[in-house]
Amino acid sequence: MASRPERLLRGGDSPLSASFLELFFDLAFVLALSQLAAHLLHDLSVAGALSTALLLTGVWWIWVTTTWFADWYDPESPAVRWLLVGAALGSLLAGVAIPQALDGRGLLFAGAYVMVHVGRGAFTVLALRGHPRQSRALRILCWFSISAVPWLAGGFLPEWRVPLWLLALAVDLTGPRLGWPTPRMGRTGPQELHLAGEHFAERYQQIMIIALGEVVLVAGLSYAGTALALAQTAAFLLVFANAVLIGLLYVTPAGQRLGPAIEHADPSRLGVLTGYLHLVMVAGLVVTAVGAELSIAHPLRAGDTTAVLVILSGPTLFLGGRILFSMAIHRRLSWPRVAALFVLTGAAAVPRLPLLAVSAVATGVVLVVVVLDHAGIRSYRHRAGA
């Protein structure tokens, strides 16, 4: 009979598909994405974009580490289930705090973040007493306990909040890449960082669908609030097409190869790197959602440089992350995607384009990339079959 700590860990016969509570946890991320898009829309300045990126990185790291947790521990264990519920609550509270996280609700945001990481870490350290995997849990807890200091200090000190939170995020994001090195304990070994590729790939696809859902939701709500005129209808259809094309661009082909790649790669490299790169792609979708609202609400507005930059920056960010994602999976650079980045950047310099035309350019560029991708895949399969 397995020991009590052993029963907490994911066994070889545990299902690799996402559990109900993992999907329930994702619902909290729906609120966070919606709040982040509204936060950016409210302040389209450089400072607004940077503050949105800071808050997105925080809530994203809750999602990533919770996904690792659900990959390492048995999703059928009652303790794991309750910890997933706690992570969902913490994510929800962080999402609630987002609009004023840099003002009056900083402590709520930081407290929710710290609660998820330190609370989960403390429980797993205690639950794994006497088990070899306790050392991994203890290293992780040590690192999150260190980053908790600037997180909470930033919550109490508004004037120092941004630099303190940047420091805290630097600690949290570099920890897993370094193996959470801890005095007298060393680093976490590759065998302790092993991830189930099939489970991880499925979870990333699910969160990308949720991020795409934010684009579709914003498009639908924005269109519903208009007079449904021809220009507004065209803008809505372009945003919907863009969302579909971005989804196709994600899953083909590297998105389908993520599972086997994670299984056979060094998890401290690819397992962590995919978390960073998906952050860039999710950021692109948040910006795309904001651009969708601008283009649908004011399709014929011309000369709005800020709106043009927002509409083009969403696909640009996503493509940039997607290019690096492909390189991480099969170490190949997609030149059509690189060329698309230059086209999107150049389009921002075209004077006085109406937002509908800008949206058409962005969607057209993504369409060409998807077509060339599929043509390249068919050509590769034909040569392989020959």
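Residues numbered from 1 in each chain as written. Predicted model: local features only at pLDDT ≥ 70, side-chain atom pairs only at ≥ 80, totals over all residues. Heavy atoms only, no water.

Draft legend 1. Just the overall build of the chain, in detail. Assigned secondary structure in the chain consists of 13 helices and 0 strands. The contacts in the chain between residues at least 6 apart in sequence include a share of 81% that link residues at least 24 apart. Summed over its atoms, the accessible surface of the chain is roughly 16,900 Å², and 69% of this surface lies on carbon and sulfur atoms. (Helix = DSSP H or I, 4+ residues; strand = E, 2+ residues; numbered from the N terminus. Contact = heavy atoms within 4.5 Å. Areas by Shrake-Rupley, 256 points an atom, 1.4 Å probe, with all protein chains shown as cover.)

Draft legend 2. The packing of helix H2 (residues 20-42) against helix H4 (residues 78-97), seen in detail. Running from N to C, H2 and H4 point in directions that differ by 5°, and their axes come no closer than 8 Å. Between H2 and H4, the interaxial angle falls into the category roughly parallel. Contacts from Leu-21, Glu-22, Phe-24, Phe-25, Ala-28, Leu-31, Ala-32 and Gln-35 in H2 reach Arg-81, Leu-84, Val-85, Ala-87, Ala-88, Ser-91, Leu-92, Gly-95 and Val-96 in H4. Residue classes in the contact of H2 with H4 are distributed as 12 nonpolar, 3 polar and 2 charged. (Axes fitted to C-alpha atoms, helices over the stretch in contact; angles between N-to-C directions. Parallel < 35°, antiparallel > 145°, perpendicular 65-115°, else oblique. Nonpolar A, V, L, I, M, F, W, Y, C, P; charged D, E, K, R; others polar.)

Draft legend 3. Geometry of empty space enclosed by the protein. By the definition in use, this model includes 4 cavities of 30 Å³ or more. The computed volume of the largest cavity comes to approximately 180 Å³. Every residue lining the largest cavity is counted, 15 residues in all, and those nearest its centre are Phe-69, Trp-72, Arg-120, Thr-124 and Ile-140. Contributing elements (two or more residues each) for the lining of the largest cavity: helix H3 (46-72), helix H5 (106-127) and helix H6 (134-156). Grouping the amino acids of the lining of the largest cavity by side-chain chemistry returns 9 nonpolar, 4 polar and 2 charged. Approximately 90 Å³ is the volume found for the second largest cavity. (1 Å grid on protein atoms, 1.4 Å probe; cavity = no way out; pocket = protein on both sides within 12 Å on 5 of 7 lines; lining within 4 Å. Points joined across faces, edges and corners; volume = space filled by probe spheres on them.)

Draft legend 4. Molecular detail of H4. In this model, H4 (20 residues) spans 29 Å end to end at C-alpha, consistent with the 28 Å of a helix rising 1.5 Å per residue. Taken together, the buried positions of H4 are occupied by Val-80, Leu-83, Leu-84, Ala-87, Ala-88, Gly-90, Ser-91, Ala-94, Gly-95 and Ala-97. (Expected span 1.5 Å × (residues − 1). Buried < 20%, exposed > 50% of the residue type's maximum accessible area, 1.4 Å probe, protein only.)

Draft legend 5. Quick look at the nonpolar core. By size, the foremost hydrophobic cluster in this structure holds 113 residues, and its most contacted members are Val-59, Trp-60, Trp-68, Tyr-73, Phe-109 and Trp-151. The greatest single-element share of this core, amounting to 15 residues, is contributed by helix H10 (residues 267-297). Apart from the residues lying within four places of it in its own chain, the contact partners of Val-59 are Phe-29, Ala-32, Leu-36, Ala-94, Ile-98 and Phe-109. (Core = buried A, V, L, I, M, F, W, Y, C linked by side-chain atoms within 4.5 Å.)

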